[in-house]
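Here is what each chain is made of, one letter per residue.
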Amino acid sequence: VRSMILDVEAGERYFGSHPPEVARDLITRVRSEIPADCHLGLCFFARGDEPAKIHIDEWLPHVQSLHPMVYHWDFSNGTSGPQPYLDEAFERLAPYELPIVPILGTYPDPDSGKPVPEAHMVEAAHYALAKGAAGISYFVLSTAVDGCAGPPQFSAIRQVQINAES
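Description of the structure in this document. Just so you know, these numbers come straight off a predicted model, no measurement behind them.

1. Structural notes on the pairing of strand E3 (residues 65-70)
Okay, so step 1: In terms of burial, E3 is a largely internal element, 6 of the 6 residues being buried.
Okay, so step 2: Neither face of E3 is left uncovered, since the one carrying Ser 65, His 67 and Met 69 and the one carrying Leu 66, Pro 68 and Val 70 both have all their residues buried.
Okay, so step 3: Both strand E2 (residues 39-44) and E3 contribute to a ladder of 4 bridges, which runs parallel. Each residue of the ladder has a partner; that of Gly 41, found in E3, is Ser 65.
Okay, so step 4: Pairing analysis gives 2 bridges linking E3 to strand E4 (residues 103-105), with the strands arranged parallel.

2. Side note on the state of the cysteines
Okay, so step 1: Within the structure shown, the criterion is met by 0 disulfides.
Okay, so step 2: Looking at Cys 43, it has no disulfide partner, and the nearest cysteine sulfur is the one in Cys 148, 16 Å off.
Okay, so step 3: A relative accessible area of 5% places Cys 43 in the buried class.
Okay, so step 4: Note on Cys 148: relative accessible area 0%, which makes it buried.

3. Notes on unusual backbone geometry
Okay, so step 1: Cis geometry is found at the peptide bond from Phe 139 to Val 140, where omega equals 10°.
Okay, so step 2: Position of Val 140 among the secondary structure elements: in the loop between strand E5 (137-139) and helix H7 (151-159).
Okay, so step 3: Here the phi dihedral of Glu 97 falls at roughly 55°; this positive angle occurs in a residue that is not glycine.

4. Some details on empty space enclosed by the protein
Okay, so step 1: Counting across every chain of the model gives 1 cavity of 30 Å³ or more.
Okay, so step 2: As for the largest cavity, its lining consists of Tyr 71, His 72, Trp 73, Asp 74, Gly 105, Tyr 107 and Val 116.
Okay, so step 3: Among the elements that line the lining of the largest cavity, the one with the most residues is helix H4 (residues 72-75), at 3 residues.
Okay, so step 4: For the lining of the largest cavity, the per-class residue count stands at 4 nonpolar, 2 polar and 1 charged.

The rules behind these values
Residues numbered from 1 in each chain as written. Predicted model: local features only at pLDDT ≥ 70, side-chain atom pairs only at ≥ 80, totals over all residues. Heavy atoms only, no water. Buried < 20%, exposed > 50% of the residue type's maximum accessible area, 1.4 Å probe, protein only. Helix = DSSP H or I, 4+ residues; strand = E, 2+ residues; numbered from the N terminus. Pairing = 2+ DSSP bridges. Disulfide = S-S within 2.5 Å. 1 Å grid on protein atoms, 1.4 Å probe; cavity = no way out; pocket = protein on both sides within 12 Å on 5 of 7 lines; lining within 4 Å. Points joined across faces, edges and corners; volume = space filled by probe spheres on them. Nonpolar A, V, L, I, M, F, W, Y, C, P; charged D, E, K, R; others polar.

What follows is the structure, given as structure tokens:
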């Protein structure tokens, strides 16, 4: 293993209900048990007070990249494009001076069931890259969840152009 992404969330069963020492203890143990050159990424919600709830300052000395979950279709209840949500994530994470690799959503809006428009998936990727993303990833590409992995999603991903001008 040369890299891992740690999915850190703030819910009641996660770090939001524990003091910072719990996060510090976990990341210190993880880092001490893996090779020194193993890349660790931190996956989390960058909205509102979520970074504080996961005790982000405890994780930062041990990670080399940030992977904010930017699920614009879910965040907007299936009504808005990705730009304001990506702007928020990049603005919030810029002070940490680490590579940012946003995780973009592909799943339908949980309330309406409306799928993410193919054009939104492409726009989100290109916009993130234009803002300086070190890369992008998508959540969730799974046939186990209806509307997450099919022709529209794969067509959108094929349209994403990654180049020096993105």
